[in-house]
Each structure stands twice: as C-alpha cells, then as structure tokens.
Amino acid sequence: MPSTGGAMPSVAVIGGGFAGLAAAHQLKRNGYSFTVFETEDGPGGTWRVNRFPGAEVDTPAPMYSFSFAPYDWSRSYPGQAELQSYLEHVADRFGLRAHFRFGTTVRRLVWEEDGQRWAVHLDTGEVLRFTAVVTAVGLLNVPNEPAWPGRELFTGDIFHTARWRSDVTLDGRRVGVVGTGSTSAQIVAELGGRARHLTVFQRQPAWVDPKVSLPFTEKERARRRHPVTRRLIRWRLFLQLERKWLGGRIIRPGGTVDTRAVKICQDYLAEVFADHPDLRAALTPTSAYLGKRAIHSSTFYPTLLRDDVTLVPHAVERVTETGVVDATGQEHELDVVITATGFRAAEFLCGLEVHGRAGRDLKEKWGDDPMAFLGIMVDEMPNLFMMYGPNTNYYAPVFNFEQQAKFVVRSLREMRRRGASAVEVRPEAVRRLNRWLKRRLDASSFAQAPNYFRSASGRVVTQWPDGASVYWLLTRTLHARSARFFRAPSASASPDNRHLSVP
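Residues numbered from 1 in each chain as written. Predicted model: local features only at pLDDT ≥ 70, side-chain atom pairs only at ≥ 80, totals over all residues. Heavy atoms only, no water.

Below, the discussion takes up the sheet that holds strand β3 (residues 100–102). Ordered by their spatial adjacency, five strands build an open sheet running β3-β2-β1-β7-β19, and the pairing between neighbours is parallel. Two strands bound the open sheet, and with one partner strand each, they are β3 and β19 (384–386). Going across the sheet, the axis of each strand differs from the next one's by a mean of 20 degrees, ignoring polarity. Where strand β2 (residues 33–38) and β3 come together, three bridges link them in parallel fashion. For Val36, the partnering residue across the bridge sits in β3 and is Phe100. (Pairing = 2+ DSSP bridges. Helix = DSSP H or I, 4+ residues; strand = E, 2+ residues; numbered from the N terminus. Axes fitted to C-alpha atoms, helices over the stretch in contact; angles between N-to-C directions.)

A few words on unusual backbone geometry. Here the phi dihedral of Asn383 falls at roughly 60 degrees; this positive angle occurs in a residue that is not glycine. Note on placement: Asn383 falls in the loop between α10 (362–366) and β19. Here the phi dihedral of Tyr388 falls at roughly 60 degrees; this positive angle occurs in a residue that is not glycine. Tracing the backbone shows Tyr388 in the loop between β19 and α11 (397–417). In this structure Tyr388 comes out as buried when scored by relative accessible area, which is 14%. (Buried < 20%, exposed > 50% of the residue type's maximum accessible area, 1.4 Å probe, protein only.)

Bringing the packing of α11 against helix α13 (residues 468–477) into the picture now. One way to put it is that α11 packs onto α13 with a least axis distance of 10 Å and a crossing angle of 5 degrees. Between α11 and α13, the interaxial angle falls into the category roughly parallel. Here α11 contributes Phe399, Asn400, Gln403, Gln404, Phe407 and Arg410 to the contact with α13, which in turn contributes Ala468, Tyr471, Trp472, Thr475 and Arg476. Its residues assigned to classes, the contact of α11 with α13 shows five nonpolar, four polar and two charged. (Parallel < 35°, antiparallel > 145°, perpendicular 65-115°, else oblique. Contact = heavy atoms within 4.5 Å. Nonpolar A, V, L, I, M, F, W, Y, C, P; charged D, E, K, R; others polar.)

Attention shifts here to empty space enclosed by the protein. Gaps between atoms show up when a probe of the same size as a water molecule is rolled over them. Across all of its chains, the model carries two cavities of 30 Å³ or more by this definition. Lining the largest cavity we find Thr180, Gln202, Pro205, Ala206, Val208, Leu283, Ile295, Phe300 and Tyr301. Counted by class, the lining of the largest cavity contains seven nonpolar, two polar and no charged residues. Quantified by volume, the second largest cavity comes out at close to 30 Å³. Around the second largest cavity, the lining residues are Phe348, Leu349, Leu352, Val354, Leu362, Lys363 and Trp366. For the lining of the second largest cavity, the leading source of residues is α10, giving three residues. (1 Å grid on protein atoms, 1.4 Å probe; cavity = no way out; pocket = protein on both sides within 12 Å on 5 of 7 lines; lining within 4 Å. Points joined across faces, edges and corners; volume = space filled by probe spheres on them.)

Averaged over all residues, the pLDDT of the chain equals 95, while 96% of them reach at least 70. Counted against residues more than four places away or in other chains, residues 491–500, with its pLDDT under 50, gives 10 contacts. (pLDDT = per-residue confidence, 0-100.)

Another aspect to go through is the sheet that holds strand β9 (residues 174–178). Read from one edge of the open sheet, five strands run β8-β17-β9-β10-β13, paired in parallel fashion. Of all strands in the sheet, those with a lone pairing partner are β8 (157–160) and β13 (309–312), marking the two edges. Averaged over all neighbouring strand pairs, the angle between strand axes comes to 15 degrees, with direction disregarded. As paired strands, β9 and strand β17 (residues 336–339) are joined by four bridges and run parallel to one another. The residue of β17 that forms the bridge with Gly176 is Val337. Each of β9, β10 (197–201) and β17 touches helix α4 (residues 182–191); the most contacted strand, β9, lies at about 165 degrees to it.

Quick look at the layout of surface pockets now. There is about 660 Å³ of room inside the second largest pocket. In this structure, the second largest pocket is lined by 27 residues; those nearest its centre are Pro62, Ser67, Arg230, Arg231 and Arg234. Listed by contribution, the elements that provide at least two residues to the lining of the second largest pocket are α5 (218–225), α6 (227–245), α11 and α13. Counting residues per element, the lining of the second largest pocket draws most heavily on α6, at six residues. Classifying every residue of the lining of the second largest pocket gives 14 nonpolar, four polar and nine charged.

Rendered as structure tokens:
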C-alpha cells in the first residue's frame with residue numbers, strides 16, 4: 001500500500017492492452033484509485049483490433065505474458081484469439097474490468113496548474129480530472145495508410161490489416177498484399193491457395209528465419225503448468241535472449257551475433273529457393289539482421305513458390321479503377337488490395353493532444369524527434385507517464401511494461417510521501433540519457449535501412465539498444481536522481497512562483 005503523507009492520487013490510464021493492464025494491476029495492487037479508458041468494447045488492445053488471418057505473436061509464450069499471471073498456453077507462439085483470451089483472463093482474475101470504461105476515447109489532456117491535475121477530455125464531451133495520467137496506447141496502434149494517387153478510384157475493396165474487413169470475400173478473387181513485413185508474412189501464408197491469385201508487393205526485403213509454431217501435447221502442457229518448471233522455462237528463454245542483446249551484441253553490424261543470425265537466414269533462403277535464383281535474389285536484404293524488423297516464419301517463403309502467388313519486388317506507385325501500378329509502370333489487375341504497410345510507430349501519442357505546463361504542446365515540443373526519460377517521462381509534463389514510450393521497443397516488451405508500471409507507482413508513492421502534488425523529470429536527465437541512446441543507436445543495425453524505427457528527423461526513436469537487465473537496472477537506480485517534486489501553489493502565491501520545489 002502507498003505510504004501516507006499527502007492525498008491519495010487518482011490516475012487515468014489510457015489504453016487497455018498489455019501495457020494498460022500492467023499499469024492497472026500495479027495501481028490496484030498498491031491501493032490507488034484509477035480508471036482505464038479503452039476505445040474498444042473490451043480489453044486486449046492490439047490483440048483485440050488485429051484480427052487478420054494468421055495473426056500470432058513472434059515471441060515465445062512464456063516471455064510474452066506477465067510474470068504475475070502465468071497461463072496454460074496451448075502452443076509455443078499463441079495466435080490472436082488465445083492472446084485475446086489471456087488478456088480477458090488477466091482483467092477478470094485481478095478484478096481490473098470494473099475499473100474500465102469501454103467504448104470511450106481520450107482526445108485531449110490539459111495540465112491545470114492551479115489544481116495540479118490533468119483535465120482529461122473524452123470523446124463523449126465529458127471532462128474528468130485526475131492527479132496523474134498513464135498513456136498505454138501501444139506502439140503499433142495508428143495504421144500507416146499509403147496516400148496513393150487514385151486510391152478513391154478503385155472499384156474493388158481496399159483496407160489496412162489493422163482494419164480487417166471480415167465481410168469482404170477473399171476466396172477465389174485476385175488479391176494484392178502490399179508490404180512484406182511480419183504481418184504480411186502471416187497473411188500471405190494464410191491466403192495462398194484461397195485467393196484465385198495472390199500478388200505480393202515488396203519495397204525492400206527483410207531477413208526471414210524459420211519459426212516452428214507447434215501446439216503443445218497434453219503431456220507438455222501438464223509439465224508447463226508446474227510452477228517450478230514454468231519459472232525455469234521462462235528464465236531459460238530470458239537468458240538465451242539476454243545473451244544476444246546485452247551490450248547491444250545483436251545490433252552490432254558485422255558482429256558475431258549479427259553474422260550468425262544472417263547466416264541462418266541465408267541458409268534458409270538458399271534451401272527454400274534452391275531452384276528459383278530470381279526469387280532468392282529479390283528476397284535477399286543488403287542490411288544487417290535487424291536493419292529492418294526480422295520476420296520469423298516457416299510458411300511465408302514456401303507460399304511464394306506457389307503457382308498462384310506472384311512476388312512483385314517493387315513498390316506500389318498509384319491506384320487505378322481496376323488495380324495498382326508498380327514503380328516500373330506495370331499495372332496489376334486486382335479485386336482486393338490489402339495494405340500491410342505497418343503503423344506510425346515513430347509518431348508517439350499522435351492520436352492524442354497533450355498540453356503540459358504553461359500550455360506546452362507535447363507535439364510541438366517533440367517536433368520530429370520524440371524523446372523521453374526511459375521512455376516514461378517528459379519534462380514540462382508533470383504527472384504524465386508513458387508505457388511503451390520512445391526507445392523502449394526490443395525483445396521483451398511485456399517485461400518492460402511491468403518495469404514501467406512499477407516506476408509509475410514508485411513515483412506516485414514518493415510524491416505522496418513528500419507531500420508533493422506533482423512529479424516531473426529533470427530536463428538534464430532526459431538530455432543525458434538520450435545522448436547516450438543516440439550514440440548507441442547511430443552505430444547500430446537499426447540505423448542501416450529504411451524502417452519504422454526512425455522518425456522524420458532520421459533518429460532511431462522506437463528501439464532500445466541493450467538488454468532487459470539494463471533497462472530494469474536503470475528504472476530502479478536512476479529514478480530518484482532524475483525526478484523533482486512540486487507542491488501545489490497557494491492562493492497567495494505570486495505569478496513568479498507558480499509551483500514550489502520540494503527537496
């Protein structure tokens with residue numbers, strides 16, 4: 001329970017996916033009053049919204065689940081439906097559902113200096129006030145829709161993977177999938193053999209390594225349900241991945257780990273396309289292993305060998321009434337166009353208007369270069385915490401969400417202990433940490449190729465350059481030195497002394 005000293009803070013959590021549930025669990029466990037605002041009609045976040053055929057996670061199930069909520073997973077890499085069921089289970093098991101407001105979107109946040117609180121503007125027209133706000137809107141939540149000329153002319157169906165149209169018939173039709181990232185790889189493998197003809201458009205290839213996603217036997221599931229076995233499996237996976245990431249080994253172009261990963265992908269490519277040198281050439285990247293997000297799939301490559309599937313190694317330039325035209329000028333007649341073009345990942349909180357101290361607009365403050373302290377706090381934005389903020393994406397997102405949620409609770413607890421009304425990160429702490437991040441990331445694989453990791457400024461703004469243990473350590477040790485606390489201004493305070501620092 002939080003220590004006494006000041007009034008109990010109230011907290012608004014925006015988003016009800018993995019990150020929002022991590023925050024809600026910590027807040028409830030520590031006795032805080034909170035409300036989770038979720039646009040959809042239930043918890044789940046990206047796993048509720050992304051319902052395209054073949055959707056499944058690329059991280060092993062024991063690592064892609066909360067440490068406080070183990071689960072009887074049916075397979076090594078769960079699909080969308082099972083992940084959604086897991087998140088519903090977490091919401092119910094820990095009594096979090098009662099704190100949700102479903103079907104409600106937060107449009108605007110405004111810091112009110114006099115009351116030392118956030119005014120939370122909802123799409124219903126309501127304005128509610130909370131001591132603190134936690135944004136948990138996710139990294140891959142706003143689709144990147146191509147603005148192709150002529151798009152409005154197309155007489156068929158066109159939609160993004162995150163806005164999947166279950167009412168559109170794909171069987172027996174000419175279908176185009178634009179993009180060859182992880183989502184596309186899963187969709188293509190499902191649609192091959194269903195569509196009359198499937199055309200896949202690729203701007204640039206990414207490395208693909210084989211992924212064996214198999215259901216567990218009943219015997220294996222029983223073994224994994226044992227608490228000791230479950231922990232050992234989780235720790236073994238964690239250590240295997242941490243060895244690759246600690247010190248940034250896997251993102252060091254030409255380093256041992258990078259070279260080994262590329263070799264595995266090259267061997268797999270050579271094996272599948274041994275009799276198709278043209279496809280092998282078109283699918284071979286020129287960057288390091290993680291120059292683009294690597295694809296983990298054992299079904300994508302074989303699907304491209306089908307007679308009813310065509311790979312077009314060119315970008316789409318424009319749309320016509322009956323199809324699309326690629327960068328070479330060739331037109332492809334299609335009945336359905338599916339845009340697997342990713343998300344606006346580098347534009348953090350782009351669907352939310354935020355005004356901090358003295359009306360400071362967060363988007364204007366960031367410009368094309370979003371940055372935060374450990375991806376969680378931004379100076380001039382008191383009592384505002386982000387989950388999955390800038391430079392926090394890597395192999396262990398769910399682990400990170402738990403660390404970020406604990407960081408939030410520690411901040412609120414310390415604020416209350418000091419009798420303060422606001423906590424804010426020191427500007428110099430943000431600058432120092434982000435100088436270190438920039439040095440590490442500028443020399444990494446992430447900076448090698450066009451990808452969603454970089455903002456319009458060219459800086460890598462989504463990725464973390466080191467191991468999970470380093471992030472955990474920094475959230476524990478830098479917390480006290482990076483923060484400053486303020487008391488609410490009194491009625492007699494002069495305009496030049498609008499908030500008082502608490503030592």
